[in-house]
Amino acid sequence: MILVSTLLLISVLLMLLAAALQSARRGSFTTQTRATSVSGLYVAESALAEMKARFKINPDWDSDLVAVKTPLEVGEYTILFSRSESVNNLNGSGTKPGPYGDVQPGCILLRIHTTVQERDRTVDVVLSNKNKVPPSNGEALLGTGKVKMLGEVSLSGVGGYNDPATVKADLISTSKADEDGMISWAPIDSLDSALITGTVELPGTSALALDLGSATVGDFSRPSSPRTPPVVDILGQVAKNLSHPALPAPGTTVPAGRYSLPTDAVYQGDLVLVGGVDLYVDGDFTVNGSITGEGSVYVSGKTTLKGSTAIMSSADSSVALYSHDSVELTGFEGTEYMKNLADNAGGDFPALWANTQRDGREILQEISAPGYDFGLTSAADYRMASLGQNESYGHPNGNNPNVEANKLSRMAALLASQPASPTQEFLQKKFEFLRQPIPGDELAGGVFGFYGGAGDQDLLQNVRDIQSGLTTDGLFDAVNDLLAKTVGADAASSPLTEDDLKEFGGEDALKALLVNSLSAISLDRPGTSYFQGKIVTHGSFYAGHEVSIVGSIAAVGDPTLSSSSPIANPTLTLNPGDIQLDGGTQVTYFDDVVNAAGGASKGLKVHHWLAH
Amino acid sequence: MARPLIRPSSGFSIAETILAVGLLAVALLAVIGVFLSGLEMSRKSQDKAIALEVGQEFFENLKTAGGYSTIPPGAGRFDGTVPDSQVSGFPPPPYPSIEVNGVSYEIIVHYEQHSSLAEVRAVMTEIHWGETGRTTLETSFSP
């Protein structure tokens with residue numbers, strides 16, 4: 001009897017144990033499964049990041065990717081393009097069949113198969129171009145009306161700050177009016193010139209419709225049908241986004257998020273958007289400063305702004321401005337102001353100022369030359385030292401401290417003694433951007449300061465910070481010295497090698513960074529103000545007083561809008577779709593900047609994410 | 001006199017008792033052993049689940065901090081060494097370690113620029129706990 005009872009008791013215990021063990025095993029299996037599942041989701045995110053980068057380079061990408069390992073090889077993914085798998089309809093005009101039905105135009109359906117530790121997971125992602133604006137392709141200036149340029153004008157293009165490839169910057173009017181002077185340029189004084197590196201495109205056949213005088217143009221195109229301008233539903237976007245919080249008061253940076261202004265607004269100061277901001281303004285929007293950072297601004301009325309004193313050496317700073325009515329970018333007549341200032345000051349100042357501008361031109365010409373050998377004691381380096389430091393020794397134009405040393409600081413000191421005015425304050429900030437001693441490290445600070453720290457490791461870190469857009473301090477000195485020590489005139493005596501350039505994309509990328517940044521900064525016209533990003537308006541576009549636009553402009557005229565006159569030029573009448581560039585405007589088409597414009601509303605957004 | 005229908009009980013013999021107790025003891029030992037093993041398995045699962053949560057928290061903090069723009073260019077590794085050359089707040093918490101339920105989870109972070117896509121940066125996090133516990137997660141970021 002006791003044996004029977006004992007055996008029964010043991011049986012029950014064993015059954016309980018088996019149940020507990022089974023539960024523990026199941027829990028362990030569940031945890032392991034969840035671990036590989038979560039890991040698979042992150043691998044899918046990795047695949048998505050890579051695909052977004054590929055689509056940015058080639059929006060029509062539809063090549064299969066099979067068993068592609070993630071960079072650190074935790075997993076791999078496969079993406080196949082077919083009707084039952086992934087479908088790219090980003091640039092399509094109609095629907096395309098996909099695994100769940102039709103894929104709409106402007107959308108991409110990605111089916112990502114991931115494998116982590118032999119466990120498979122599939123994720124479906126729908127991407128779309130939120131703003132329905134197709135990626136730009138060299139359209140520096142596009143208007144649906146007349147395009148008129150006056151004075152010194154330059155339209156050029158590059159792939160990106162680190163991209164040595166040149167991109168042609170096109171000037172396009174899509175008007176079929178075929179009237180006289182549809183696209184025109186005229187000098188203001190005898191020294192003015194115009195350079196358009198890309199194609200000037202205008203439908204029609206009238207020879208008088210193109211009136212470009214002695215402008216240098218890459219090519220001409222007279223298509224029978226105009227190209228399709230970008231379409232952005234600005235009013236619609238504003239109308240459905242007016243419930244967001246109000247914009248923070250001026251004086252602070254605007255953190256990532258969505259904001260709205262329900263009426264006409266005047267923003268005093270610089271509007272700095274950080275980490276992706278969407279702003280919707282129902283009315284006219286005036287910014288008595290600049291708009292910089294990463295974000296999109298939608299305005300249902302007119303937009304007026306002055307430019308920024310500085311640019312970032314990175315496409316991470318790029319603003320998309322969508323204005324239903326006209327856009328006016330006024331800038332400041334900074335270079336004219338500085339010339340007058342120097343002339344009135346007399347003494348060494350007229351020559352000092354003229355030499356500052358000369359050095360700016362010469363540095364760019366020298367380092368842009370093919371086969372240029374960067375060096376720690378090159379002519380360009382001596383020019384830089386004379387601009388940013390109290391040095392004229394070795395200057396190629398002679399060792400004359402009175403007119404060749406400490407140029408930027410001396411001009412800044414002269415400027416600081418002037419009465420306050422918007423232009424004076426703008427230039428004050430500009431000179432701080434170019435050269436501002438850092439307390440405790442007086443030789444550093446500003447684009448033309450020496451790079452901070454000492455030694456090669458500090459040099460490498462400085463260039464990392466510059467390339468990632470964290471700073472522009474010491475830009476010239478740091479990049480010049482790194483190239484000199486690795487592949488230039490001083491490489492033989494330096495412990496650094498060409499391998500040290502790999503993390504920066506190599507010699508070409510760094511040289512491009514230097515050339516493109518200095519070109520955009522345009523030191524020979526330090527009074528220039530900047531706008532970095534993309535502008536789309538349904539009204540007219542006007543830029544005057546030395547504005548440098550790094551990005552692109554599209555004026556897609558809405559015929560229901562009235563013609564308008566810019567505040568800076570009230571005698572001028574512009575119709576919707578017209579573009580006028582006055583007095584020394586430079587448009588540098590940066591592919592990276594244009595296609596990165598928008599911050600939170602950048603080209604491709606994830607609309608749906610479905611994990612199987 | 002009729003025989004009684006039920007024979008009176010005669011009780012357990014000492015041999016039966018010893019045998020029963022012996023069987024029970026063996027069974028109990030086996031049960032306890034396997035039970036402890038199951039407990040250990042359960043604890044390890046829990047630790048692993050927590051490690052996974054730590055890894056996810058790291059990546060979500062990285063996304064909140066800005067994702068791509070906070071990851072340094074190039075390639076590198078952060079292993080909790082003191083002094084640690086953190087770059088502008090990268091890596092974000094819970095790096096370099098976090099303690100949960102008395103267990104310390106050490107975090108090692110690797111980052112690397114994609115070899116052919118300039119605007120893709122990969123980040124891998126290794127979470128270590130105990131003597132042999134390890135889990136890894138990797139993802140990539142683009143602007």
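## Observations regarding the overall build of chain B
Each helix and strand counted, chain B has one helix and five strands in total. Counting helices and strands in the order they occur from the N terminus, chain B gives α-β-β-β-β-β. Relative to all contacts within chain B whose residues are 6 or more apart in sequence, the contacts with residues 24 or more apart total 51%. When the accessible surface of chain B is split by element, carbon and sulfur atoms take 60% of a total near 8,200 Å².

## Some words on the overall build of chain A
Along the backbone of chain A there are 12 helices and 30 strands. Expressed as a percentage of its 612 residues, the buried residues of chain A come to 55%. In chain A, the share of contacts with a sequence separation of at least 24, taken over all contacts with a separation of at least 6, comes to 61%. Summed over its atoms, the accessible surface of chain A is roughly 24,400 Å², and 53% of this surface lies on carbon and sulfur atoms.

## Quick notes on the environment of Asn480 of chain A
All names here are of chain A. For Asn480, the location among the structural elements is in helix H10 (residues 475-486). Contacts of Asn480, omitting those with residues within four sequence positions, involve Phe374, Gly375, Ser378, Asp381 and Leu514. At 3.0 Å, the side chain of Asn480 and the side chain of Asp381 are in polar contact. Here the side chain of Asn480 touches Asp481 through a polar contact of 3.3 Å, side chain to side chain.

## Side note on the sheet that holds strand E20 (residues 285-288) of chain A
Consider a sheet: its strands pair through backbone hydrogen bonds, and that pairing is either parallel or antiparallel. Residue and element names in this part refer to chain A. The strand order across the open sheet built from nine strands is E15-E13-E9-E28-E26-E24-E22-E20-E18, with neighbouring strands paired in parallel fashion. The open sheet has two edge strands, strand E15 (210-211) and strand E18 (265-268), and neither has a second partner. Relative to strand E22 (residues 303-305), E20 runs parallel, the two being bridged by three bridges. Counterpart to Val287 in the pairing with E22 is Leu305.

## Examining the interface of chain A and chain B
Opposite the 44 residues of chain A that make contact, chain B presents 44 residues. Here chain A and chain B share an interface that buries about 3,900 Å² over both sides, 69% of which is from carbon and sulfur atoms. Area buried by chain A at its contact with chain B is led by Ile2, Tyr42 and Leu72 of chain A, which between them contribute 18% of it. Scanning the region where chain A abuts chain B turns up two salt bridges. A salt bridge links Arg34 of chain A to Glu53 of chain B; the shortest N-O distance between them is 3.1 Å. Run the count over chain A and chain B and you get 14 residue pairs in polar contact (both at pLDDT 80 or more). Class assignment for the residues of the side of chain A that touches chain B results in 22 nonpolar, 10 polar and 12 charged.

## Describing the environment of Phe374 of chain A
Residue and element names in this part refer to chain A. The residue Phe374 is located in the loop between helix H4 (349-368) and helix H5 (379-388) in this model. Along the primary structure Phe374 and Thr486 are separated by 112 residues, whereas in three dimensions their C-alpha atoms are 9.5 Å apart. Excluding its chain neighbours within four sequence positions, the residues that come into contact with Phe374 are Ile367, Asn480, Leu483, Ala484, Gly488, Ala489, Lys511 and Leu514.

## Observations concerning the pattern of salt bridges
Applying the stated criterion to the full structure yields 25 salt bridges over all chains. Between Asp499 of chain A and Lys502 of chain A there is a salt bridge whose closest N-O contact spans 3.7 Å. The two residues Asp499 of chain A and Lys502 of chain A agree in class, both being exposed. A salt bridge links Asp47 of chain B to Arg43 of chain B; the nearest nitrogen and oxygen atoms lie 2.9 Å apart. Of the two residues, Asp47 of chain B and Arg43 of chain B both sit in helix H1 (residues 14-65), four residues apart, roughly one turn of that helix.

## Some thoughts on the packing of aromatic side chains
All names here are of chain A. In the structure shown here, the tally under the stated rule is 12 aromatic pairs over all chains. Each ring, one from Phe448 and one from Phe476, has its centre 6.4 Å from the other, and the planes form 20 degrees; the classification is stacked. Linking Phe448 in the loop between helix H8 (422-434) and helix H9 (456-467) with Phe476 in helix H10, this pair joins segments that are 28 residues apart in sequence. You'll find Phe448 and Phe476 in the same group, each marked buried.

## As for unusual backbone geometry
At the junction of Pro93 of chain B and Pro94 of chain B, the peptide bond is cis and its omega measures out at 10 degrees in the coordinates. Mapped onto the elements of the fold, Pro94 of chain B is located in the loop between strand E1 (75-78) and strand E2 (97-100). In this structure, the amide linkage connecting Tyr95 of chain B to the following residue, Pro96 of chain B, adopts the cis form with an omega of 0 degrees. Along the chain, the position of Pro96 of chain B falls in the loop between E1 and E2. Here the phi dihedral of Ala67 of chain A falls at roughly 50 degrees; this positive angle occurs in a residue that is not glycine. When you line up the elements, Ala67 of chain A lands in strand E1 (residues 65-69). Judged by relative accessible area, Ala67 of chain A falls into the partly exposed class, the value being 37%. Not every positive phi belongs to a glycine, and Asn406 of chain A is a case in point at roughly 55 degrees. Along the chain, the position of Asn406 of chain A falls in the loop between helix H6 (401-404) and helix H7 (407-416).

## What to know about H5 of chain A
All names here are of chain A. Counting buried residues along H5, eight of its 10 residues qualify, which places the element largely inside the surrounding structure. Considered for burial, the residues of H5 that qualify are Ala380, Asp381, Arg383, Met384, Ala385, Ser386, Leu387 and Gly388. Close packing links the buried residues of H5 with H4, H6, H7 and H10.

## A word on H10 of chain A
All names here are of chain A. With 12 residues, H10 should reach 16 Å at 1.5 Å per residue; the first-to-last C-alpha distance of 17 Å fits that figure. Every buried residue belonging to H10 is among Leu475, Phe476, Asp477, Ala478, Val479, Asn480, Asp481, Leu482, Leu483, Ala484, Lys485 and Thr486, and all of these are buried. As for H10, its buried residues are in contact with H4, H5, H9 and helix H11 (507-521).

## As for the confidence of the model for chain B
Interpretation of this model should avoid reading the predicted coordinates in detail wherever pLDDT is low. Residue and element names in this part refer to chain B. Per-residue confidence for chain B gives a mean pLDDT of 83, with 87% of residues at or over 70. By mean pLDDT, the top-scoring element of chain B is strand E4 (residues 121-129) (94), and the lowest-scoring one is H1 (86). Model confidence for the complex: the whole-complex pTM is 0.64, and ipTM, which rates the interface, is 0.82.

## Digging into the pairing of strand E8 (residues 139-143) of chain A
Residue and element names in this part refer to chain A. Within E8, five of the five residues are buried, which leaves it mostly tucked inside the rest of the structure. Two elements, E8 and strand E27 (residues 547-555), share three bridges in a ladder whose sense is parallel. Each residue of the ladder has a partner; that of Gly143, found in E27, is Ala555.

## A few points about the side chain of Asn355 of chain A
All names here are of chain A. Positionally, Asn355 belongs in helix H4. Among the polar contacts made by the side chain of Asn355, one reaches the side chain of Arg358 at a distance of 3.2 Å. Side-chain polar atoms of Asn355 contact the backbone oxygen of Val403, separated by 2.9 Å. Those residues in contact with Asn355 that lie beyond four places of it in its chain are Val403, Glu404 and Lys407.

Conventions and cut-offs
Residues numbered from 1 in each chain as written. Chains lettered and ligands numbered in written order. Predicted model: local features only at pLDDT ≥ 70, side-chain atom pairs only at ≥ 80, totals over all residues. Heavy atoms only, no water. Helix = DSSP H or I, 4+ residues; strand = E, 2+ residues; numbered from the N terminus. Contact = heavy atoms within 4.5 Å. Areas by Shrake-Rupley, 256 points an atom, 1.4 Å probe, with all protein chains shown as cover. Buried < 20%, exposed > 50% of the residue type's maximum accessible area, 1.4 Å probe, protein only. Polar contact = N/O pair within 3.5 Å; in protein donor to acceptor, adjacent residues only side chain to side chain. Pairing = 2+ DSSP bridges. Buried area = accessible area lost by both parts, 1.4 Å probe. Salt bridge = Lys/Arg side-chain N within 4 Å of Asp/Glu carboxyl O. Nonpolar A, V, L, I, M, F, W, Y, C, P; charged D, E, K, R; others polar. Phe/Tyr/Trp six-rings, centres within 6.5 Å; stacked < 30°, edge-to-face > 60°. Expected span 1.5 Å × (residues − 1). pLDDT = per-residue confidence, 0-100.

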